[in-house]
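# Architecture at a glance
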Amino acid sequence: MGSLLVPEVVPSPTQDAETLRKSFKGYFLGLGTDEKAIVSVLGHRNASQRKKIKEEYQQLYNKSLIDDLHSELSGDFRRAVLLWAYDPPERDARLANEVLNSWIHDITRLQVIVEIACASTPDHLVAVRQAYCALFGCSLEEDIIAHVSLPVQKVLVSLVSSYRYDKELVDHSTANLEASKFREATRTKQLDCDELVLILSTRNIHQLKATFQCYKQNYGFSIDQDISNCGEGLLESILKVVILCIDSPEKHFAEAVKVSTDGLGTDEDSLSRAIITRAEIDVIKVKEEYVKMKNTALEYAVADDTSGYYREFLMTLLGANDSSF
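Everything in this summary refers to the structure shown in the same document. (Residues numbered from 1 in each chain as written. Predicted model: local features only at pLDDT ≥ 70, side-chain atom pairs only at ≥ 80, totals over all residues. Heavy atoms only, no water.)

### Quick word on the packing of aromatic side chains
Throughout the structure, instances matching the rule amount to 7 aromatic pairs. Between Phe182 and Phe212 the ring centres are 6.3 Å apart and the planes differ by 40°, which places this aromatic pair in the tilted class. Placement of Phe182 in helix H11 (residues 172-188) and of Phe212 in helix H13 (residues 205-219) is noted, with a sequence separation of 30 residues between them. Here the two residues Phe182 and Phe212 agree in accessibility, since each one is buried. The ring centre of Tyr61 lies 5.1 Å from the NZ or CZ of Arg21, which sits over that ring. (Phe/Tyr/Trp six-rings, centres within 6.5 Å; stacked < 30°, edge-to-face > 60°. Helix = DSSP H or I, 4+ residues; strand = E, 2+ residues; numbered from the N terminus. Buried < 20%, exposed > 50% of the residue type's maximum accessible area, 1.4 Å probe, protein only. Lys NZ or Arg CZ within 6 Å of the ring centre and 35° of its normal.)

As structure tokens, this is what we get:
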């Protein structure tokens, strides 16, 4: 369940485009950008509506709304608004490319690829791959191979190349058999074995959940616990994220918010991504999981760790009143 609050009567794309144009600085004799208007419009429109606004803006002004948002805004607020303004497949393609072209390939960054492959629908993954090719002139798989080392490369390429059956279909004998294969992989610490990677990247989500359940019932520990016992390297970390994104994406994103706001400093990129990518999908469940983890509302974490229009925008996407927190 998403948290996005769309008004009952939505202005036309033309009206929204005009409102956004007027909000930009220089339009009213240098009075400055009206950030509240940007939050009010874009923060209350779904993906389809945002796409129509961008198209209408281009038609009316022969300019890209994305380009104007980039030039008029700054800081974390600009990055969050731009991520939200992109069509979801383009947004995820850009996030993946940014991660792959960064200097550091740690779990905080590479988990973005896992989220795209394992916490979204098969059709969305295909759309992301198509957007990636159109934007960057190569496939997502090619860039993973170019930038990520084995054995993590093998796992990520397999995950983004798959197209899972998107129906609730479970074969319990297969779940038991494949749980035993997972157990052999964890027992021998061969976590990049072909069978394990193939199962994780091709089975439907419901089948994999049944396999994870069989594993715990048959062997006394959850599969992620046994993976942790194999070591603390990047491969182990990636596989635990894969399992969590498949088994309970809401827990994964609640954990992402928790990690991004705990301790000194805030990881604004991770915080923005977790909220923006799930606002129209399951952020209500993410908030429920966060309460279980921290015994406090996710909105309090956002209010405490952010400020200004950046905070107001994230709170809007969360369906919260900024002044209440």
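### Notes on unusual backbone geometry
In this model, Leu150 is joined to Pro151 through a cis peptide bond whose omega is 5°. Among the secondary structure elements, Pro151 is positioned in the loop between helix H9 (140-147) and helix H10 (152-161). One non-glycine residue, Asn62, lies in positive phi territory at about 55°. One non-glycine residue, Lys189, adopts positive backbone phi at about 60°. By the element assignment, Lys189 lies in the loop between H11 and helix H12 (194-202).

### Here we look at the nonpolar core
Counting 97 residues, the largest nonpolar core has Leu69, Ile144, Leu156 and Leu200 as its most contacted members. The leading source of residues in this core is helix H15 (residues 234-247), at 8 residues. Setting aside residues up to four positions removed in sequence, Ile144 forms contacts with Leu100, Ile113, Gln153, Leu156, Val157 and Val160. (Core = buried A, V, L, I, M, F, W, Y, C linked by side-chain atoms within 4.5 Å. Contact = heavy atoms within 4.5 Å.)

### Comments concerning the side chain of Thr277
Mapped onto the fold, Thr277 is located in helix H17 (residues 268-278). Of the polar contacts made by the side chain of Thr277, one reaches the backbone oxygen of Arg273; its length is 2.6 Å. (Polar contact = N/O pair within 3.5 Å; in protein donor to acceptor, adjacent residues only side chain to side chain.)

### Regarding the pattern of salt bridges
On inspection of all chains with the given rule, the structure shows 23 salt bridges. Note that Arg129 and Glu141 form a salt bridge whose closest N and O atoms lie 2.9 Å from each other. Taken together, the residues span a long stretch of sequence, with Arg129 in helix H8 (residues 122-136) and Glu141 in helix H9 at a distance of 12 residues. Taking the relative accessible area as the measure of exposure, Arg129 reaches 25% and is therefore partly exposed. Here the salt bridges do not stand alone but share partners, grouping Arg21, Lys63 and Asp68 into one network. (Salt bridge = Lys/Arg side-chain N within 4 Å of Asp/Glu carboxyl O.)

### Looking at the environment of Asn218
Checked against the element boundaries, Asn218 lands in helix H13. Overall, the relative accessible area of 40% leaves Asn218 in the partly exposed class. The spacing of Asn218 and Ile275 is 57 residues in sequence and 36 Å in space, taken between C-alpha atoms.

### Quick notes on the packing of H13 against H15
The angle between the axes and the distance between the axes are what describe a pair of packed helices. Between H13 and H15, the least distance of the axes is 9 Å, while the angle of their chain directions is 115°. Seen from above, H13 lies across H15 with left-handed handedness. For the pair formed by H13 and H15, the contact residues are Ile205, Leu208, Lys209 and Phe212 on the first element and Ile243, Ile246 and Asp247 on the second. Class assignment of the residues belonging to the contact of H13 with H15 gives a composition of 5 nonpolar, no polar and 2 charged. (Axes fitted to C-alpha atoms, helices over the stretch in contact; angles between N-to-C directions. Left-handed = near helix turned anticlockwise from the far one by under 90°. Nonpolar A, V, L, I, M, F, W, Y, C, P; charged D, E, K, R; others polar.)

### As for helix H16 (residues 249-261)
Between its first and last C-alpha atoms H16 spans 19 Å; for 13 residues at 1.5 Å apiece the expected length is 18 Å, and the two agree. Its buried side turned inward, H16 meets helix H7 (107-118), H15, H17, helix H18 (283-294) and helix H19 (298-305). At the exit of H16 stands Gly263, carrying a positive phi of roughly 75°. (Expected span 1.5 Å × (residues − 1).)

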